[in-house]
Amino acid sequence: MRIVGIDLGTTNSLIAYMDGKTPRVIAGRGGRAMVPSVVAMTDNGLIVGDPAKEHLVRNPARTVYSVKRFMGKGLADVADELKYFPYTLSEQGGVIRIKVGEKTYSPPQISAMILKELKQRAEAVLHEDISKAVITVPAYFNDSQRQATKDAGMIAGLDVVRIINEPTAASLAYGLQQHTQGTIAVYDLGGGTFDISILKLKDGIFEVLSTNGNTHLGGDDFDHVLAEVILKDVRAKHGLSLEKYDEAMQAVRLEAERTKIRLSDEQTATAVIELPDATGTYRKDFSRDQLEALTVELVERTLGPCRQALKDAGLQPSDIDEVVLVGGSTRMPLVRRRVQELFGKAPHSELNPDEVVALGAAVQAGILSGDTQDMLLLDVTPLSMGIETMGGVMSTLVRRNTTIPSSAKEMFTTYVDGQTGVDIHILQGERELVKDNRSLARFRLKMPPLPAGVPRIEVTFLIDANGILNVTARDMRTSQSQSIEVKPSYGLSDEEVEQMIGDSFKFAAEDITARKLIEARLDGGALIAATEKSLTQGGHLIATDEIAAIRAALAALAAAKDGTDPRAIRARMADVEQSAHHLTATLMDDSLKQALQNKKLSDFQ
Ligand code: AMP
């Protein structure tokens, strides 16, 4: 089954697939691969992409753009965003609703409209149903933003087999996973956002070391600077204030962008604008030097976050092995120069920077669908994580190499009657015994006293995209819960991780034996206690030679428990169970009779 790769962007979205060994983006009828992430509700129905973009000026109240900024967020989270948007927002169940015309939609519903458009485009070109996709998200997206992206996929009829980080996708497009190791800086300057991510690659595994950026800095700001110059010049030369004319303003914005784009390839370009009311044509020549002088400050504003990201990752610019450029605005020669100067090496720019994320998503999709033979692991936990259970044994909830974000849930109970709490001791490592693993954190969950085995304690591990582990323990009876957050990789060097994994192989046999012994002793102890209890309750119901046989079997089990052979313990346990079989059955009959009697009693009352 084919899996496609999708770059669901703030301004533009793309879909790509693997054509043999080569990732390719899919163009629409007009030949353009980029679908503007804009949705408009018109009287003739819903439109998406380029035609919807045209509605932005004519019908802003019914047109939605930049919906990615609202994914997985509540109203309180976006208070700062609102000054940029003309939207009427509300909230329902913690999820933002955007008013479009008379109706309201959630961000995943709007994103789903864009995804559907991409899906249909792929179906038309590939002549097959598309139902599985890899979708990219910014590295800093949290769990709810990732979940919202998955929801959007589901609404669009797509099974989202994997969410991957945009910088990871860009690195995959350049085949960087084939290197055994390295440190990668991904510089992403799009239309409205800037992101810098520092990734560490080791044996095909990408880890996000740090991210930074500016959610309101991009190509649009460059257009704006040029547009301001044009507006001022028109006023000076023609005495005309174009601000009063919506259409002329739109024309100025578009011409500013066109001029900027031309200056990426040429030294000079002319901006041409038809003035309103047939007052003539305005022309202005711009040189690349002029554009660079006007916008150098904008480029400088991307370098501070780059330095901060390096600092957060504990790196110097010279530690970066590869620099990858993403986003249309990285075509500007000034941007390339400044990035090269900062990192001291030429950035990768062979691929189309608008397409590189979608291409990488397709590479990941190809790997997942088994088309590509290379084993590849992405964004994974380097070590297993779990909790301590009785006898000092580690019970693993999340295995090593699990792709993140990820979650796991397991039910535990108590071992001793009347326990008023349980200790949740969180561990990391590959060994069977607690003492050989790394202790990450511990906390206590209080509970009302109950017989052993009765409480049900649900333990949930949640690892977000940044590798932060959140552990919650919940008493299912009382719904009381406790949780804690830890960063499992904190303070662990690569060497230590390797050592821990190496030890787990080295001591595997010993560890398993030790664990089996502990478990057999625990089970043996529990069986002795339970059988003693049965003898007290039902000894009078069976023959004395039966009692003697049970006592003999119990003594043999107690002796085996003191030894070190788990198999011997299990064998003696079987003897106890066999000798006590009649006693247990009799007691069960008895308690059944009692239960029936109880029922009668209560019926009677
Ligand atoms: P993206 O969001 O990655 O699609 O980037 C779109 C932004 O890239 C817009 O602001 C475009 O104006 C800008 N852009 C595209 N091509 C070029 C180019 N050749 N030179 C400068 N900016 C460009």
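Residues numbered from 1 in each chain as written. Predicted model: local features only at pLDDT ≥ 70, side-chain atom pairs only at ≥ 80, totals over all residues. Heavy atoms only, no water.

As for its placement among the helices and strands, Glu243 is situated in the loop between helix 5 (219-238) and helix 6 (246-265). With residues up to four places along the chain from it excluded, the contact list for Glu243 reads Leu231, Arg235 and Met249. Polar side-chain contacts of Glu243 include one of 2.8 Å to the side chain of Arg235. (Helix = DSSP H or I, 4+ residues; strand = E, 2+ residues; numbered from the N terminus. Contact = heavy atoms within 4.5 Å. Polar contact = N/O pair within 3.5 Å; in protein donor to acceptor, adjacent residues only side chain to side chain.)

To continue, consider the confidence of the model for the protein. A residue-level look at the protein finds 95% of positions with pLDDT of 70 or above and a mean pLDDT of 89. Ignoring residues within four places in sequence, the model shows residues 598-605, a span with pLDDT below 50, making zero contacts including any to other chains. (pLDDT = per-residue confidence, 0-100.)

The full set close to the ligand counts 17 residues, and Thr11, Glu257, Lys260, Ser264 and Arg331 are the nearest of them. Thr11 has a polar side-chain atom sitting 3.0 Å from an oxygen atom of the ligand. Out of a free accessible area of 500 Å², the ligand has 88% covered by protein chains. The residue inventory of the shell around the ligand, partitioned by class, reads three nonpolar, nine polar and five charged. (Near = heavy atom within 4 Å. Areas by Shrake-Rupley, 256 points an atom, 1.4 Å probe, with all protein chains shown as cover. Nonpolar A, V, L, I, M, F, W, Y, C, P; charged D, E, K, R; others polar.)

Within a pair of aromatic rings, the relevant descriptors are the distance that separates the centres and the angle that separates the planes. Overall, the coordinates contain seven aromatic pairs when judged by the stated rule. Aromatic pair Tyr65 and Phe85: ring centres 5.4 Å apart, planes at 50 degrees, arrangement tilted. Remark: Phe85 occurs in the loop between strand 7 (63-65) and strand 8 (89-92) and Tyr65 occurs in strand 7; sequence separation between them is 20 residues. Here Phe85 falls in the buried class, since its relative accessible area comes to 10%. Over the aromatic face of Phe286 sits the side chain of Lys284, whose NZ or CZ is 5.4 Å from the ring centroid. (Phe/Tyr/Trp six-rings, centres within 6.5 Å; stacked < 30°, edge-to-face > 60°. Buried < 20%, exposed > 50% of the residue type's maximum accessible area, 1.4 Å probe, protein only. Lys NZ or Arg CZ within 6 Å of the ring centre and 35° of its normal.)

This brings us to the sheet that holds strand 7. The sheet built from three strands is open, its strands ordered 6-5-7 with antiparallel pairing. Looking at strand neighbours, the two that pair on one side only are strand 6 (45-48) and strand 7, the edges of this open sheet. For this sheet, the mean angle separating the axes of adjacent strands, direction not counted, is 15 degrees. Examined bridge by bridge, strand 5 (residues 38-42) and strand 7 share three bridges and lie antiparallel to one another. By the bridge assignment for strand 7, Ala40 is matched with Thr63. Lying over the sheet, helix 1 (residues 50-58) contacts strand 5, strand 6 and strand 7, oriented at roughly 70 degrees with respect to strand 5. (Pairing = 2+ DSSP bridges. Axes fitted to C-alpha atoms, helices over the stretch in contact; angles between N-to-C directions.)

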